[in-house]
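# Working through the structure, step by step
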Amino acid sequence: MTHPDTVWFTEARFGMFIHWGIYATPARGEWVMNQESIDPVDYRQRYFADFNPDLYSPVVWADLAARAGMRYAVITAKHHDGFCLFDSQFTDYKATNTRAKRDLLKPWAAAFRERGLRTGFYYSLLDWSHPEFVIDRHWGPLRDLPAEEMALRNVDRDMRRYAAYMRNQATELLTNYGDIDVMWFDFTYPNPPDPENPLGPGKGAAEWESETLVKHLRSLRPNILIDDRLGLEGGGDFISPEQFCPRACLTRNGKPALWESCQNLCGHWGYGREGTSWRDSDELIRTLVDTVSKDGNLLLNVGPNARGELCPDTVERLEDIAAWMRYHACTIHGCGSAPAEFVCPPDCRFTWHAPSRTLYVHVFAWPYKHLHLDGLRGKVRDARLLLDGSEIPLRGLGRWQMHTARNAGFGDDLLSLTLPISKPKTAVPVIALRLNE
Ligand code: GLC
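Fair warning: this is a prediction, and the values are worked out from it, not measured in the lab.

Moving on, we get to the overall build of the protein chain. The helix and strand inventory of the protein chain stands at twelve helices and 16 strands. When its C-alpha atoms are laid out on the principal axes, the protein chain stretches across 85 × 45 × 40 Å. Among the 437 residues that make up the protein chain, the fraction classed as buried is 41%. Sequence separation of 24 or more characterises 72% of the internal contacts of the protein chain that already satisfy a separation of 6 or more.

As C-alpha cells, then:
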C-alpha cells in the first residue's frame, strides 16, 4: 500500500467540516429524510430543483476558516440523501440541475486552496436515493416498509452496480478538483451478530467493495488520506472518533495512531434553524486544546444554510476561536502531546512544540497565584504569558511556605510559577515554558 502523506495533517491539527446539501432547506439536520421517513421521491420534489443558494460565497467561508486557524477543510460532496454538490456525469441528482445551475465544489476547492487550506471530500457510502442501493431495515426513509413492498422495490437493485457508481464518482472527485488531500467515507453498519435480528443484514466492506475502492483511490492519488469508516480490517489512515475526544493518545498495533475527532456546534451537522443546544466558544477552544494535547486533530463542523451562508451563531463561534488563535495558534499548529516525563497539573493541558522545546501550559481553571509543576525545577529557561508576552516569574512559593508545602506533598523538584491574580482576558490563557537544551 502506498503510504499516505501524514505530515501536513499532524502539522495542521485543526480543520473545518462542512455539511451542506439540499437538506439545508428543511433545516432540520442532514438526517431529516430518515428521521421523518420522507419518501425519496417526495424529498426530491420538495427540495431539489428549487435549491437556490444565491448568497453562496466559498471565499467568505474560507476566510473565516483561515482566520480561525483551520488548515484544511472537508465538505460533503454527497450525503446520505444522495444529492451531489458537484457536476457528476453519473447522476442527474446534482447541483447543476438545481437553481444553482453550477458545480458548487469547483469554486469551493479553489477558494479554500487559495487561502492555503488543504481540501477533502466527505462522501456518503449510504445513498437513500440511488436506484441501485438496496433498501435495508437499518437506515433510510424506507426502512419500515412492509416486507413485500421492500422486496418489490429491491428487485432490480444491485449493490455491485452501486459500488461501481461510487468508484466512478470517486474518479471525478479526485480528478476534476485539483489536489484533494482527504477522502472521508461514511459509514459502515455491519451485520447484527444475531442472525435472527429483525433488522437483517447490514452493509460493510463487502457491499462497498472497499478494498477495490481504496486501491482505486490510491492509484489516482497515492498520498491521499482515507478515514476508517469503510469497514476494512486494520481501519484506515486515521481513526475518526465522532462527537467525543479520546481519553489519551491513540495507538494501533502498539504504535501511535493518527486520529481526528469530528464534532459539531449544535447537535447536528447539516443546518438546523431551530437549534438551541449550541456549544459555548470557550468550551470549543478547550476541546481543540484537549485534542492536540493527545496528538489528535479536530474537524469542527459548520452547516451552511439554504442560501449558502453561515448563520450568526456559527460565525460568532468561529470569530471567538479566531480571537483566541490570534495569540495562541503556535500552541496548536505543529504541536502534539508532551513527553510523558512532564506531569500535567490538574485543570491544565500541555501541548509540546518539539523543534523549539516549548511546553505550552493551557490553564483551563485559573488558580490562585501559583501554578505548581512537578519535575520541572531547573529545566526551564523562561516562562511567558502568551497573551501579552509578559514574564511569569519562575520563583514560586515563599520560603516561609516551603515547610508546609513539603508536608502537603510537594517534592523538591517542584517548579512553581507566580501568576497574576486575575485570569488574563482570554478564553484559555497559556503559559509558554522554554525548556533548557
Ligand atoms: C454520522 C452521520 C452523519 C455525519 C457524520 C459525521 O455518521 O451519519 O450525518 O455526516 O456522522 O461524522
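Now, onward.
Around the ligand, the structure places His19, Glu30, Trp31, Asp186, Phe187, Glu242, Cys262 and Trp269. Counted by class, the shell around the ligand contains four nonpolar, one polar and three charged residues.

Partitioning the protein chain into domains gives domain 1 (7-331) and domain 2 (348-435). Placing the centre of domain 1 and that of domain 2 at their C-alpha centroids yields a distance of 41 Å. Of the residues lining the interface, twelve residues belong to domain 1; the matching set on domain 2 comes to twelve residues. Taken together, the elements giving at least two residues each to the side of domain 1 that touches domain 2 come down to helix 10 (281-292) and helix 11 (312-328). Considering every element that reaches the side of domain 1 that touches domain 2, the biggest residue donor is helix 10, with seven residues. Residues of the side of domain 1 that touches domain 2, tallied by class, amount to five nonpolar, four polar and three charged.

Our next topic: the sheet that holds strand 14 (residues 390-391). A sheet is described by the order of its strands in space; here five strands give the open sequence 10-11-16-13-14, paired in antiparallel fashion. Where the open sheet ends on each side, the last strands, each with one partner, are strand 10 (348-353) and strand 14. Bridging between strand 10 and strand 11 (residues 358-363) involves six bridges; their strand directions are antiparallel. By the bridge assignment, Thr351 is partnered in strand 11 with Tyr360.

Further remarks concern the sheet that holds strand 3 (residues 118-124). Within a beta sheet, neighbouring strands are joined by backbone hydrogen bonds and run either parallel or antiparallel to one another. Spatially, seven strands are ordered 5-4-3-2-1-9-8 in an open sheet, and the strand pairing comes out parallel. At either margin of the open sheet sits one strand with a lone partner, and together these are strand 5 (225-226) and strand 8 (259-263). As paired elements, strand 8 and strand 9 (residues 296-302) share five bridges and run parallel to each other. The partner of Gln263 across the bridge, within strand 9, is Leu300.

Turning our eyes to something else, we now look at unusual backbone geometry. The peptide bond linking Asp186 to Phe187 adopts the cis configuration, its omega dihedral lying at -10 degrees. Relative to the helices and strands, Phe187 is located in the loop between strand 4 (182-186) and helix 8 (205-208). Phi is positive for Asn253, which is not a glycine, with a value near 50 degrees. In this structure Asn253 comes out as exposed when scored by C-beta crowding, with 6 C-beta atoms within 10 Å.

Let us look at helix 12 (residues 399-407). Little of helix 12 is tucked away, with zero of its nine residues classed as buried. Just beyond helix 12, the residue with positive phi is Gly409, at close to 100 degrees.

Counting 109 residues, the largest nonpolar core has Ala73, Ile75, Ala77, Phe121 and Val361 as the members making the most contacts within it. Filtering out sequence-adjacent residues up to four positions away, Ile75 remains in contact with Ile18, Trp20, Leu105, Trp108, Phe121 and Tyr122.

The N-to-C vectors of helix 4 (residues 58-67) and helix 5 (residues 105-114) enclose an angle of 30 degrees; their axes lie 8 Å apart at closest approach. Taken as a pair, helix 4 and helix 5 cross one another with a handedness that is right-handed. Of the residues in helix 5, those touching helix 4 at Pro58, Val59 and Ala62 are Pro107, Trp108, Ala111, Phe112 and Glu114. The residue makeup of the contact of helix 4 with helix 5, split by class, is seven nonpolar, no polar and one charged.

The rules behind each value
Residues numbered from 1 in each chain as written. Predicted model: local features only at pLDDT ≥ 70, side-chain atom pairs only at ≥ 80, totals over all residues. Helix = DSSP H or I, 4+ residues; strand = E, 2+ residues; numbered from the N terminus. Buried ≥ 20, exposed ≤ 12 C-beta atoms within 10 Å, placed from the backbone. Contact = placed C-beta atoms within 7 Å. Near = placed C-beta within 6 Å. Nonpolar A, V, L, I, M, F, W, Y, C, P; charged D, E, K, R; others polar. Domains from an automatic or database assignment. Pairing = 2+ DSSP bridges. Core = buried A, V, L, I, M, F, W, Y, C linked by C-beta atoms within 7 Å. Axes fitted to C-alpha atoms, helices over the stretch in contact; angles between N-to-C directions. Left-handed = near helix turned anticlockwise from the far one by under 90°.

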